[in-house]
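Summary of structural features
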Amino acid sequence: MISYTLEDIKYLKEKANNIRKDIIQMIYKANAGHPGGSLSAADIVTALYFHVMQIDPQNPNWEARDRFILSKGHACPVWYAALAEKGYFDMVHLNTLRKFHSILQGHPDMQKTTGIDMTSGSLGNGLSVGIGMALAAKRNRLNYCVYVLLGDGEIQEGIVWEAAMSAAHYRLDNLIAIVDYNGLQVDGWTKEVMDIHPVVEKWEAFGWNTIEIDGHNMIEILDAFQKAHKIKGPVVIVAHTVKGKGVSFMENVAVWHGLAPNDDQVKQALAELEKEAE
Amino acid sequence: MLEQIATRRAFGEELVRLGKEREDFVVMDADIAKSCSTDLFHKAFPERSYNFGIAEQNFMAIAAGYATTGTQVFAATYGVFASMRACEQIRTFICYPKLNVRIIASHGGLQVGADGATHQAIEDIGIMRSIPNVAIVHPADGTSARLAARAVVDYEGPVYIRLLRNPSPVIFDQNYKFEIGKAVALKHNGNDLTIIGTGAMVYKTLDAAERLKAEGINVKVLEMHTIKPIDQEAIIKAAQETGGIVTVEDHNIFGGLGSAVSEVLSENYPTIVKRVAIPDMFGESGDSELLYEHYGMSVKDIVNAAKEVLKKKSK
């Protein structure tokens, strides 16, 4: 049962702002990475790691912990930032993103990074992986919940729908999918590259419960998780987001899917986020 | 007449026995449990069995996710689907994170009940060999398959287990030992040359050894049930002792046992090697014994390969 106060909301907004700054700085230092989809997911990931999930950074392999899978693995800067801010590893590692011998690989690697529950990067596979974890929870009589964050472009992958069918078949009530619906993919707008519309109806047709929210509104995010926990059967939260959210020149611009900011751009981005924090 | 059983059946029966002994594994299928003989486990342990229908990529990634929780998973489908349809899930989500998923790949090679080329896994060993972290085992008979099941549950890391559809003679008895990564020396221990076989071709290899013996050619026979990690020591020793090698497998001539043996020898002890395998062609429908004859993989072909090696060796 998730409850929250207005103070929690304030704290989560501040945390999300810090995570956005971490994302910009780490991608700038790496001179490579994926800022757009990291920024669009920042509020959702912050809500999960700093309010919703039952986790213990001191005991990252705790058997009964909630699991998080970043199916859109390229957005790992948001995950790394959340894990570092939460205390899974030292913040200094954020400076090593994508560097040789870094614990922070270009895409998530469960063998190298504390707190990463599953390796990802090749799109479409995270929901299936989450089903495996959710089924294991049932057999082992553990109460944990599995959260899978997918990109909207990612649901063009056929395996996502194989997984959707399976989760409904096994009536998994300990699996919550979140679609980070920012409308963009590498080659442009999803509706132009390969239209995924209607998203909500697709999930419903596959036997899922759906909740549609503004993925940048912290109250809506927490309410959605609260509601999802009460529903029997798999739930997908379709979160409408803005790719590059929080940095004006990155917002809704496809090229920022996988581009690092230059010296001037990083200054402007951090200044904007600083202003937002005030 | 020796008892006959398919390795898929023997493996499936042993999984049921193991299920009674230990709780630390589950079985997953993608619709064809009956064909993979994992239906036996489903019947015995319904609460430890899952079926995900005709969706091999999904079921393999589910197996990966399940295995992250510490319970090992046997994931069964045909070799052709495991190694190709679910190849990326095996590579990126099982092998890369070194998860304890045991891939049961039935219907290896040309034995697919006349289903033809679409269902014949003739490239699977080559595909799997090129992926890091995965062991590849290919038992030769029922005994070998049963012991493989027992070896695999105690193995740390992913394993690809190649099984066969057709019943074949049980050639090993209670003295047979199965250790992943260790070749098995069979009764023939001549020094004229070595024949290394894998899977159901081991039986043909033994037949060929008898025929060669009748002609005064004494060969050594090795069963190579583990293609990766390959038993380098046994291969090099055989080459040193006999100076010529024939490999026999039901797989395309590229990427399988013959390639693995040749790689070991060319780097360590250059020796003449003749590979009996599918000659880089797709298969077709028909009785598998007729196919073996057609593609040059019959006992007669093994005998001829051995003679060819002897000839080249003596030059």
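This is a predicted model, so every value here is computed, not measured.

All names here are of chain B. With mixed pairing, the 5 strands of this open sheet are ordered in space as E9-E11-E10-E13-E14. A single partner strand is all that each edge strand has here, and the edge strands are strand E9 (184-189) and strand E14 (272-278). Within the sheet, the average angular offset between the axes of one strand and its neighbour, ignoring direction, is 20°. Pairing of strand E10 (residues 193-197) with strand E11 (residues 219-223) involves 5 bridges; the strand directions are parallel. Across the sheet, glycine 197 pairs through a bridge with glutamate 223, a residue of E11. Lying over the sheet, helix H11 (residues 257-268) contacts E10, strand E13 (244-252) and E14, oriented at roughly 145° with respect to E13.

Right, let's talk about the interface of chain A and chain B for a bit. Taken together, the contact between chain A and chain B spans 25 residues of the former and 27 residues of the latter. Approximately 2100 Å² of surface area, both sides summed, lies buried where chain A meets chain B, with 58% of it carried by carbon and sulfur atoms. Its largest share of buried area at the contact with chain B, chain A owes to Arg139, Glu162 and Tyr170 of chain A, together 27% of the area lost on that side. Run the count over chain A and chain B and you get 1 salt bridge. In this structure, the salt-bridge partner of arginine 139 of chain A is glutamate 23 of chain B, at a minimum N-O distance of 3.0 Å. Elements with a contribution of two residues or more to the side of chain A that touches chain B: helix H5 (126-139) and helix H6 (158-169) of chain A.

Moving on, we come to the packing of aromatic side chains. For the coordinates displayed, the defined rule picks out 18 aromatic pairs over all chains. Ring centres 5.0 Å apart and planes at 45° place the aromatic pair tryptophan 161 of chain A and phenylalanine 206 of chain A in the tilted group. Taken together, the residues span a long stretch of sequence, with tryptophan 161 of chain A in helix H6 and phenylalanine 206 of chain A in the loop between helix H8 (199-205) and strand E6 (209-214) at a distance of 45 residues. Among the residues examined, phenylalanine 206 of chain A registers a relative accessible area of 28% and is labelled partly exposed. Consider the rings of phenylalanine 41 of chain B and phenylalanine 45 of chain B, whose centres lie 4.8 Å apart with planes at 35°: the pair is tilted. Every member of this aromatic cluster is reached through a ring pair, and the members are Phe11, Phe25, Phe41, Phe45 and Phe74 of chain B. The ring of tryptophan 189 of chain A carries lysine 191 of chain A above its face, with NZ or CZ at 4.9 Å from the centroid. The side chain of arginine 48 of chain B reaches across the aromatic face of phenylalanine 45 of chain B, ending 4.9 Å from its centre.

So, about the domain arrangement of chain B. All names here are of chain B. The domain boundaries assigned to chain B delineate domain 1 (4-169) and domain 2 (184-314). Once you take the C-alpha centre of each, domain 1 and domain 2 turn out to be 26 Å apart. Taken together, the 31 residues of domain 1 in the interface contact 31 residues of domain 2. A per-residue breakdown of the area domain 1 buries against domain 2 is headed by Leu110, Ile122 and Arg129, which together make up 32% of the total. Between domain 1 and domain 2 we count 1 salt bridge in total. Run the count over domain 1 and domain 2 and you get 19 residue pairs in polar contact (both at pLDDT 80 or more). Elements supplying a minimum of two residues to the side of domain 1 that touches domain 2: helix H7 (124-129) and strand E6 (135-137). For the side of domain 1 that touches domain 2, the element with the most residues is H7, which contributes 5 residues.

Moving on: the pattern of salt bridges. All names here are of chain A. Per the stated rule, a full pass over the model turns up 27 salt bridges over all chains. Between lysine 232 and aspartate 173 there is a salt bridge, with its nearest N and O atoms 3.0 Å apart. Separated by 59 residues along the polypeptide, lysine 232 in the loop between helix H9 (218-230) and strand E7 (235-240) and aspartate 173 in the loop between H6 and strand E3 (175-181) bring together distant segments of the chain. What makes lysine 232 exposed here is its relative accessible area of 69%. Overall, aspartate 173 belongs to the partly exposed group, its relative accessible area being 24%.

Quick notes on the rules
Residues numbered from 1 in each chain as written. Chains lettered and ligands numbered in written order. Predicted model: local features only at pLDDT ≥ 70, side-chain atom pairs only at ≥ 80, totals over all residues. Heavy atoms only, no water. Pairing = 2+ DSSP bridges. Helix = DSSP H or I, 4+ residues; strand = E, 2+ residues; numbered from the N terminus. Axes fitted to C-alpha atoms, helices over the stretch in contact; angles between N-to-C directions. Contact = heavy atoms within 4.5 Å. Buried area = accessible area lost by both parts, 1.4 Å probe. Salt bridge = Lys/Arg side-chain N within 4 Å of Asp/Glu carboxyl O. Phe/Tyr/Trp six-rings, centres within 6.5 Å; stacked < 30°, edge-to-face > 60°. Buried < 20%, exposed > 50% of the residue type's maximum accessible area, 1.4 Å probe, protein only. Lys NZ or Arg CZ within 6 Å of the ring centre and 35° of its normal. Domains from an automatic or database assignment. Polar contact = N/O pair within 3.5 Å; in protein donor to acceptor, adjacent residues only side chain to side chain.

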